[in-house]
Amino acid sequence: MPRDARILIVDGHDDTLYALESALAPLGHLLGRATTSEEALKQLLRGTVGLVLLNIRTPGTGGLDVVRYMRRLEQTQHIPAVLLTAFGRDRELGAAAYALGVADVVPKPVDPWALRIKIRHLYDAHQRRLALEREIRELRARLAPAPAGAPPRAALPHPTPHPPPGHPAGAYAEELEPDRT
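Residues numbered from 1 in each chain as written. Predicted model: local features only at pLDDT ≥ 70, side-chain atom pairs only at ≥ 80, totals over all residues. Heavy atoms only, no water.

1. Digging into the pairing of strand S4 (residues 81-85)
Okay, step 1: With five of five residues buried, S4 is to be regarded as a mostly interior element.
Okay, step 2: Here S4 shows no split at all, with Ala81, Leu83 and Thr85 on one side and Val82 and Leu84 on the other all buried.
Okay, step 3: Inspection of the sheet shows strand S3 (residues 49-55) paired to S4 by four bridges, in the parallel sense. Bridge pairing links Leu54 to Leu83 in S4. (Buried < 20%, exposed > 50% of the residue type's maximum accessible area, 1.4 Å probe, protein only. Helix = DSSP H or I, 4+ residues; strand = E, 2+ residues; numbered from the N terminus. Pairing = 2+ DSSP bridges.)

2. What about the sheet that holds strand S5 (residues 104-107)?
Okay, step 1: With parallel pairing, five strands are arranged side by side in an open sheet as S2-S1-S3-S4-S5. Unpaired on one side and paired on the other, strand S2 (31-34) and S5 mark the two borders of the sheet. Geometrically, the sheet is characterised by an average inter-axis angle of 20 degrees between neighbouring strands, direction not taken into account.
Okay, step 2: Sheet topology places strand S1 (residues 6-10) next to S3; five bridges connect them, and they run parallel. Directly across from Leu8, in S3, lies its bridge partner Val52.
Okay, step 3: Contacts between helix H1 (residues 14-24) and the sheet are confined to S1, S2, S3 and S4, with S2 contributing the most and set at about 165 degrees to the helix.
Okay, step 4: Along the sheet, helix H5 (residues 112-143) contacts S1, S3, S4 and S5; its crossing angle with S3, the most-contacted strand, is approximately 145 degrees. (Axes fitted to C-alpha atoms, helices over the stretch in contact; angles between N-to-C directions. Contact = heavy atoms within 4.5 Å.)

Structure follows, in structure tokens:
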């Protein structure tokens, strides 16, 4: 997934889409929209979605069914999903959603500030996870045995301890020694 992955907003009502886009625009991320579940699935499969915010009662296949489908595919199974509902808190619905790995079920009307904070943290956590996975793949590739006859690879760099900016060299040793007075 590209680093500039979009937040996909899925709802059958244009006024709700506009309100959610307005609430999330200050985050500075690219926003996408879909009015049906089928349209949302197409965008998810293109691989440019970093988080999906969808209504449980989306025209076509419902929001829970979209998440079920997402969780079956390796390409989309880890994308964070937040469901919106106008039907208040429903234990069965919540249990089904959380069993699928939905990050949260948010009742409408939505508090834009709370939604923005929630989406920002979920999106950023997902991006950090993807970056760590990329780094692990790169390190594994570097540690894999070289093919027979290939020149030896350079060793991994040694992590040299550097004091943080503003700390003189050796300050750590002094800080760790017990007070002798």
